Amino acid sequence: MKPIRWLALLLIGGLGLSGQASASVEKPADREALEARVLDVRKAMRDVASGDQSNEVPDQLAQWYNWPNWGNWNNWPNWRNWGNWFNR
Amino acid sequence: MSIASAIRWFSRTSSHAEPRDLDFDVGDFSPDIKTRLLILQPTPFCNIRCDYCYLPDRDSTARMTLETARLAGKRLVDDGLLGDELTVVWHAGEPLVMPPNFYDEAIPVLAEVMGPHCKVSHSIQTNATLIDDAWCDLFKRHAIRIGVSVDGPATLHDRHRHTRAGRGTHQRVLHGMETLREHDIPFHAIAVVSAETLAHADAFCDFFLANGVHEVGCNFDEAEGSNLRSSIADKEQSHARFIDRLLERSIESEGKLCFRELDMARHLIAEPMASYRWRGREFPENAQTIPFALISVAHNGDFSTFSPELLGQPSLDYGNFILGNVHQSGFLESAGRANFGEIWGAIQRGTETCAASCAHFGFCGGGAPANKLYENGDLASGETLYCRTMLKRPFDAVLARLEQTAAQGKPGQTTGVQIGVMP
């Protein structure tokens, strides 16, 4: 990690832990890029799900795009909590 | 305390000469904290002996009493921690070494205490070696969701999952899975993926397809507790190829084979992640970093929160992560204890570390504290192997695949980077 990020981290941590609200956490540049990519894909997924076929999605992947109707991830109980302990 | 944990303790206390604790106030959180998952450990005992197990007391045959189970539920009610729904997971040790009538009694006890306040559902994660008709009847009677721990074909599974006499358990697991199918009980699988599995992605997928298992969670071998080193620690390129292959096989299967990590990634890409505010600042939700979102209760009533694996793990500076006992105090009351403040302070600093350094923070919210401790020696640290194997690499693979596919419909476009200019 670059020294400037360590400095930012110390500053953010200090403010947060002392209970003095810091306005926001500085985003690493690579996070902004990643989030921009996700927003673009999210838009494409919704276009397809809403019937906008301007993008011709291969049949095999249609289910991936049409995510509200796809698969059964809802069946994973508390899926966000299942990270790493049901594991052995 | 083992030598390894003594070294970790020394390392932690040396690098942080003045550990900072953090005051806890439920009023700092918005929306209100609600417990989503109650993990009850009815016994530490396990009837098999996997070589990668992290549990410290799996030879102990101690058992939870009904009163302990009742108090665990009652404390949630009294503390106002129940939301609309709660999942109770019976876990740690092998839950089926308990007699079936324990659950026949404990589940109604919990329903009596918590049922008027929220919808309660039950899950069991089992090694499946003890499943018989009587257990299946019980699963149906209480609508218990079942997860089977199986690592794929026998050549992979039997390398690590042994009986106490040292023999492979695969045949017994297959029999348990067959019994579940005979009773029309749906189940998913959780597989520990070790180094040798990475080179056999297709055999891994073929096994689950052949056995009618449609939902598989991959838990990539982790260094935790008494499992001191992950077998995949130096095999990250192999892990990337494994993930790519699982993704292709999952897509090819047209819904017959789903992997939890890939589904999670797809969901995170498709939908904005839920968030919460703490002291006015917004964080992505991560149940392992929010106090009391998960609560683990041991057979004797000892309890903890944050990463469930932490409960009872040897730690001088964190008091073995035991925050209290349901026979003596409520959950929120434990927040006044010194070790709670130190744990919570370190975990929140770890979340800040992730926020300041990780590209995937917005899709994760701060990683897994237990892995930070065991991999980096510090709850306040950032990225771990766990982050890369369980979240980041599956996320990146799914995102790239979606970008690529979106671009395929556009003449002359071959990469996902063009997706941003689509109409």
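Quantities reported herein were computed from a predicted structural model and do not represent experimental measurements.

> Can you explain the overall build of chain B? Please cite residues and give values.
A count of helices and strands for chain B gives 13 helices and 15 strands. In terms of overall size, chain B behaves like a compact globule, its C-alpha atoms giving a radius of gyration of 22 Å where 423 residues would be expected to give roughly 22 Å. Once the C-alpha set of chain B is aligned to its principal axes, its extents read approximately 65 × 55 × 45 Å. Counting all 423 residues of chain B, 63% fall into the buried class. Contacts in chain B between residues at least 24 apart in sequence constitute 72% of all its contacts with a sequence separation of at least 6. Accessible surface, chain B: about 15,300 Å² in total, of which carbon and sulfur atoms supply 50%. Placing the 40 positive and 55 negative side-chain charges of chain B at their respective mean positions leaves the two points 2 Å apart.

> Before we move on, can you summarise the environment of B:Thr353 with the specific residues and values?
Residue and element names in this part refer to chain B. Structurally, Thr-353 is set in helix α11 (residues 338-357). By relative accessible area, which is 9% here, Thr-353 ends up buried. For the pair Thr-353 and Ser-194, spaced 159 residues apart in the sequence, the C-alpha separation amounts to 28 Å. A polar contact of 2.9 Å, which involves the side chain of Thr-353, links it to the backbone oxygen of Ala-380.

> Lay out the sheet that holds strand β1 (residues 29-30) of chain B with the relevant residues and their values.
In any sheet, the strands associate via hydrogen bonds between backbone groups, in a parallel or an antiparallel arrangement. Residues and elements named next belong to chain B. Taken in spatial order, the three strands make up an open sheet running β1-β11-β12, and their pairing is antiparallel. The open sheet has two edge strands, β1 and β12 (281-284), and neither has a second partner. Of the strand pairs in this sheet, β1 and strand β11 (residues 275-278) are connected by two bridges, and their pairing is antiparallel. Bridging across to β11, Ser-30 finds its partner in Arg-277. Across the face of the sheet, α11 comes into contact with β1, β11 and β12 while running at roughly 85° to β12.

> Account for the packing of helix α2 (residues 66-78) of chain B against helix α3 (residues 100-114) of chain B, with residues named and values stated.
All names here are of chain B. It is the contact of α2 with α3, at a shortest axis distance of 9 Å, that shows an interaxial angle of 25°. With respect to each other, α2 and α3 are oriented roughly parallel. At the point where α2 passes α3, the crossing takes the right-handed sense. From α2, Leu-66, Ala-69, Arg-70, Gly-73, Lys-74, Leu-76 and Val-77 reach across to α3, where they touch Phe-102, Glu-105, Ala-106, Val-109, Leu-110, Val-113 and Met-114. Partitioning the contact of α2 with α3 into residue classes produces 10 nonpolar, one polar and three charged.

> I'd love a proper account of the confidence of the model for chain B, names of residues and values included.
Detailed conclusions should not be drawn from predicted coordinates in areas where pLDDT is low. Residues and elements named next belong to chain B. Averaged over every residue, the pLDDT of chain B is 88; the share at 70 or more is 91%. Low pLDDT (under 50) marks residues 1-18, which in the prediction has 19 contacts with non-local residues, meaning those over four places away or in another chain. A low-confidence stretch, residues 410-423 (pLDDT under 50), is modelled with 22 contacts involving residues beyond four sequence positions or located in other chains. Among the prediction metrics, the complex's ipTM stands at 0.85, with pTM recorded as 0.84.

> Lay out the pairing of strand β8 (residues 187-193) of chain B in plain terms, naming residues and giving numbers.
Residues and elements named next belong to chain B. Burial of β8 is extensive: seven of the seven residues sit out of reach of the surface. Of the two faces of β8, both are covered, the one formed by Phe-187, Ala-189, Ala-191 and Val-193 as well as the one formed by His-188, Ile-190 and Val-192. Where strand β6 (residues 145-149) lies against β8, four bridges are found, and the strand directions are parallel. Residue pairing for β8: Gly-147 is matched across the bridge by His-188.

> A description of the pairing of β12(B) should follow, citing residues and the corresponding values.
Residues and elements named next belong to chain B. Strand direction decides the pairing type here: β11 and β12, joined by four bridges, are antiparallel. Among the inter-strand pairings, Arg-277 is bridged to a residue of β12, identified as Glu-282. Hairpin connection, β11 to β12: the antiparallel pair is bridged by two residues, and Arg-279 has positive phi, about 50°.

> Now, about the side chain of B:His142: what can you tell me, with residues and values included?
All names here are of chain B. Mapped onto the fold, His-142 is located in the loop between α4 (133-141) and β6. For His-142, a relative accessible area of 18% puts it in the buried group. Only 2.6 Å separates the side chain of His-142 from the side chain of Asp-104, close enough to count as a polar contact. Setting aside residues no more than four positions away along its own chain, His-142 makes contact with Tyr-103, Asp-104, Ile-107 and Pro-108.

The rules behind the values
- Residues numbered from 1 in each chain as written.
- Chains lettered and ligands numbered in written order.
- Predicted model: local features only at pLDDT ≥ 70, side-chain atom pairs only at ≥ 80, totals over all residues.
- Heavy atoms only, no water.
- Helix = DSSP H or I, 4+ residues; strand = E, 2+ residues; numbered from the N terminus.
- Rg over C-alpha atoms; globule rule 2.2 N^0.38 Å.
- Buried < 20%, exposed > 50% of the residue type's maximum accessible area, 1.4 Å probe, protein only.
- Contact = heavy atoms within 4.5 Å.
- Areas by Shrake-Rupley, 256 points an atom, 1.4 Å probe, with all protein chains shown as cover.
- Lys, Arg positive; Asp, Glu negative; His and termini not counted.
- Charge placed at Lys NZ, Arg CZ, Asp CG, Glu CD.
- Polar contact = N/O pair within 3.5 Å; in protein donor to acceptor, adjacent residues only side chain to side chain.
- Pairing = 2+ DSSP bridges.
- Axes fitted to C-alpha atoms, helices over the stretch in contact; angles between N-to-C directions.
- Parallel < 35°, antiparallel > 145°, perpendicular 65-115°, else oblique.
- Left-handed = near helix turned anticlockwise from the far one by under 90°.
- Nonpolar A, V, L, I, M, F, W, Y, C, P; charged D, E, K, R; others polar.
- pLDDT = per-residue confidence, 0-100.

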